[in-house]
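One letter stands for each residue in the lines below.
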Amino acid sequence: VSAMLEQLGWSHTEEHRTVEGFSLDMADAETKRAIEVDGPSHYLQDASSGERVANGSTRFKARLLRAYGWNLANVAFFEWNRKTASERRELLADKLAEIGVRSLTV
């Protein structure tokens, strides 16, 4: 994911630790933009719909980071795993746009 984000033109640090003590998968501390890659432990399965939903701690961390001024996008493992390489580039370009980063051509 990180290498593909670099190819799309986003310079970032991996495993960035914020001044508030949070760890972010990929971040640009200067602009307070981050992308988190969320594996299976970040999700629960809704009993009625069967849909995967972010668990409480993942949602709480996102709320706190946004309150501290971070622009945050999440890449879910189940989105990532079912995509081709070109679809992954498109997904990451969309995630960059979500946090206000203009990427290079997909």
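Scroll up for the structure.
All of the points below concern the structure found in this document. Residue indices begin from 1 for each chain and proceed along its sequence in written order. Only residues with pLDDT of 70 or above have their local features reported here, since the model is predicted, and side-chain atom pairs are shown and tallied only from 80 upward, although totals for entire chains, interfaces and linings are computed over all residues. To obtain the side-chain values, all non-hydrogen atoms of the structure were used and water was disregarded.

**Quick look at the pairing of strand 1 (residues 13-17)**
Inference 1: With four bridges connecting them, strand 1 and strand 2 (residues 23-28) associate as antiparallel partners. Among the inter-strand pairings, His-16 is bridged to a residue of strand 2, identified as Leu-24.
Inference 2: In this analysis, strands are considered paired if DSSP registers two or more bridges between them. Helix numbers and strand numbers start at the N terminus; a helix is a DSSP run of H or I with at least 4 residues, a strand a run of E with at least 2. With antiparallel pairing between neighbouring strands as the criterion, strand 1 and strand 2 make up a hairpin whose turn holds five residues, including Gly-21 at a positive phi of roughly 100°.

**A look at the packing of aromatic side chains**
Inference 1: Working definition: a ring pair exists when centres of Phe, Tyr or Trp rings (six-membered ring for Trp) sit within 6.5 Å. Plane angles under 30 degrees give stacked, over 60 give edge-to-face, the rest tilted. Under the criterion given, the structure shown has four aromatic pairs.
Inference 2: With centroids separated by 6.0 Å and ring planes inclined at 55°, the aromatic side chains of Tyr-43 and Phe-77 adopt a geometry described as tilted. Of this pair, Tyr-43 sits in strand 4 (residues 43-45) while Phe-77 is found in helix 3 (residues 77-81), placing the two residues 34 residues apart along the sequence.
Inference 3: Relative to Phe-78, the ring of Tyr-43 lies with its centre 5.1 Å away and its plane at 75°, an arrangement referred to as edge-to-face. Taken together, the residues span a long stretch of sequence, with Tyr-43 in strand 4 and Phe-78 in helix 3 at a distance of 35 residues.
Inference 4: A connected cluster of aromatic rings, assembled from ring pairs, spans Tyr-43, Phe-77 and Phe-78.

**Concerning the environment of Phe-22**
Inference 1: With respect to the helices and strands, the residue Phe-22 is situated in the loop between strand 1 and strand 2.
Inference 2: Along the backbone, Phe-22 and Gly-50 are 28 residues apart, and their C-alpha atoms lie at a distance of 30 Å.
Inference 3: In this analysis, two residues are considered to be in contact whenever any of their non-hydrogen atoms come within 4.5 Å of each other. Look past the residues within four positions of Phe-22 in its chain and what remains in contact with it is His-16, Arg-17, Lys-61, Leu-64, Leu-65 and Tyr-68.

**Description of the sheet that holds strand 3 (residues 33-38)**
Inference 1: Spatial ordering of the open sheet is given by 1-2-3-6, a layout of four strands whose pairing is mixed. Unpaired on one side and paired on the other, strand 1 and strand 6 (71-76) mark the two borders of the sheet. When strand polarity is set aside, the average angle formed by the axes of neighbouring strands in this sheet is 40°.
Inference 2: Think of each axis as a best-fit line through the C-alpha atoms, taken over the contacting stretch in the case of a helix, with angles from 0 to 180 degrees between the N-to-C directions. Most of the contacts of helix 4 (residues 85-98) go to strand 6, to which it runs at about 160°, and overall it touches strand 3 and strand 6.

**What to know about the nonpolar core**
Inference 1: Leu-5, Trp-10, Ile-35, Leu-92, Leu-96 and Ile-99 are the most contacted members of the largest nonpolar core, which totals 14 residues.
Inference 2: Elements with a contribution of two residues or more to this core: helix 1 (2-7), strand 6 and helix 4.
Inference 3: By residue number, the principal contributor to this core is helix 4, which donates three residues.
Inference 4: Only buried Ala, Val, Leu, Ile, Met, Phe, Trp, Tyr and Cys residues count toward a nonpolar core, and they belong to the same one when joined by side-chain atoms within 4.5 Å. Here's how the labels work: a residue is buried when its accessible area is under 20% of the maximum for its type, exposed when over 50%, partly exposed in between, all with a 1.4 Å probe on protein chains only. Counting residues in hydrophobic clusters, the runner-up holds eight residues, among them Leu-24, Ala-62, Leu-65 and Trp-70.

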